[in-house]
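# An overview of the molecular structure
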Amino acid sequence: DSLSQHAIDTPLYRFTVPALKGGTLDSLLALSDDLIRSNLFIEGASHRIRRQIEDLERAGGAGEGGSLITVDGVPVDSYLSRFVWDERKYPTKSPLKDIIASILSRITKIEDEIKVQAAKYNSCKNHLRTVYRKQSVSLVVRDLSNLVKPEDIITSEHLATLLAIVPKCSQKDWLSCYESLDTFVVPRSSKRLYEDDEYALYTVTLFAKVVGNFKAHAQEKGFLIRDFVYSPEAQESKDDLEKLLQDEEAMRTSLLQLLYARYSEVFSSWMHICAVFVFAESILRYGLSPSILCVILAPSMESEKKVRDILEEHCGNANSNDFWKSDDDG
């Protein structure tokens with residue numbers, strides 16, 4: 001009633017806590033610290049997986065990806081507002097420590113599974129980065145094999161094709177003078193294959209017997225002739241890059257599918273730990289067999305302080321001090 005009067009934009013949902021096997025007060029006290037650690041561990045795992053999903057979605061150009069996250073096939077808020085204890089996975093007659101141990105064991109296996117898949121993906125991604133880094137260096141030193149096609153190179157008993165590195169600002173000079181650098185240059189044989197921020201890559205075809213003279217004359221004009229021998233194996237490495245790109249995307253998609261599936265499982269496990277936490281704390285605070293009402297509140301940012309004040313007014317006794325005032329956790 002208080003919330004409906006003073007914080008009307010705060011929905012409330014019943015969070016059904018089953019009648020679990022509580023054990024003795026001593027066993028619950030011993031379990032209390034474990035519950036705090038377990039809750040933090042699983043919450044951390046949940047957030048890590050969500051961040052990985054968002055990072056991978058951004059890497060694929062699909063935004064944050066948060067809207068696609070579901071738990072048991074429904075959006076997270078819908079799952080929370082309709083939470084039902086999973087009796088099949090966690091029988092309520094089992095001791096609480098066994099339920100917690102079962103959940104922690106499964107979360108640990110999930111984290112290990114994700115680490116293995118993520119390591120494979122990151123290895124492929126790092127390999128790609130290395131390849132791209134090699135290709136991003138200057139034409140003066142970089143590997144040219146993936147820039148040259150078979151049809152760009154003419155080789156015969158008498159003819160040879162050279163690769164010239166021409167400063168971008170000197171391209172007109174090159175085109176106007178390369179034919180005159182030696183008598184035996186094939187006219188109009190120079191073709192631009194590629195350019196970066198500083199240089200352009202050109203071919204030129206000439207008689208093999210004048211290659212040495214041509215290189216010397218080109219160097220005098222400020223043009224570098226790169227030694228290059230066409231090789232089919234080098235072209236295969238170009239194909240390998242295409243395959244590497246395909247592999248990287250396939251691994252990203254596969255890892256994303258795994259993360260979406262495991263997020264659902266981890267978040268569901270986290271809420272079951274929360275239910276155990278509430279059950280145990282209620283007994284420790286209010287005695288054996290307490291009659292409790294557990295609800296989820298979803299206040300807006302503007303209403304949060306007001307909601308905390310209302311909760312403190314109605315529930316702020318010696319057993320619940322500081323729960324409604326603290327906002328350290330957001």
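Our subject in this report is the structure included herewith. Position numbers for residues start from 1 in each chain and track the written sequence from start to end. Only residues with pLDDT of at least 70 get local features here, since the model is predicted, and only at 80 or more are side-chain atom pairs given and counted; chain-wide, interface and lining totals rely on the full set of residues. Only hydrogens and water are set aside; all other atoms, that is, all heavy atoms of the structure, feed into the side-chain values.

### Here we look at the environment of Arg 192
Here a strand is any run of E in DSSP of at least two residues, a helix any run of H or I of at least four, and the numbering for each starts at the N terminus. Positionally, Arg 192 belongs in strand β5 (residues 191-195). In the structure, Arg 192 is positioned 12 residues away from Val 204 in sequence and 9.4 Å away in space, judged by C-alpha atoms. When residues no more than four places from it in sequence are discounted, the contact partners of Arg 192 are Gln 171, Ala 200, Leu 201 and Tyr 202. In this structure the side chain of Arg 192 is engaged in a polar contact, spanning 3.1 Å, whose partner is the side chain of Gln 171. When checking whether two residues touch, look at their non-hydrogen atoms; a contact exists if any pair is within 4.5 Å. Polar contact criterion, stated in full: a pair of N or O atoms within 3.5 Å, where within protein one must be able to donate a hydrogen and the other to accept it, and residues adjacent in sequence count only if both atoms are side-chain atoms.

### Things to note about the sheet that holds strand β7 (residues 224-226)
DSSP calls a pair of strands paired once it identifies at least 2 bridges connecting them. One open sheet holds the four strands; their spatial order is β5-β6-β4-β7, and the pairing between them is antiparallel. In this open sheet, the two strands that pair with only one neighbour each are β5 and β7. This sheet shows a mean twist of 35° between the axes of neighbouring strands, independent of strand direction. Relative to strand β6 (residues 199-207), strand β4 (residues 159-167) is paired through nine bridges, and the arrangement is antiparallel. What sits directly across from Pro 167, in β6, is Tyr 199. To get an axis, fit a line to the C-alpha atoms, keeping to the stretch in contact for a helix; angles then go from 0 to 180 degrees between the N-to-C directions.

### A short note on helix α8 (residues 304-315)
The span you would expect from a helix comes to 1.5 Å times its residue count less one. Taking 1.5 Å of rise per residue, 12 residues should cover 16 Å, and α8 covers 16 Å from first to last C-alpha, within 8% of that figure. Listed in full, the buried residues belonging to α8 are Val 307, Arg 308, Ile 310 and Leu 311. Across the axial projection of α8, the buried residues extend over an arc of 160°, all falling on one side. Turned more than 90 degrees away from the buried face of α8 sit Lys 305 and Glu 313, all of them exposed. For α8, the elements touching its buried residues are α1 (2-6) and β8 (295-297). Relative accessibility under 20% of the residue-type maximum defines a buried residue, over 50% an exposed one, and the middle range a partly exposed one, all with a 1.4 Å probe and only protein chains included. This arc is taken over the directions from the axis of the helix to the C-beta atoms.

### Observations concerning unusual backbone geometry
The phi dihedral of Asp 72 falls on the positive side, at around 55°, and the residue is not glycine. Among the secondary structure elements, Asp 72 is positioned in the loop between β2 (70-71) and β3 (74-75). Positive phi, close to 50°, is recorded for Arg 188, a residue that is not glycine. Among the secondary structure elements, Arg 188 is positioned in the loop between α5 (171-177) and β5.

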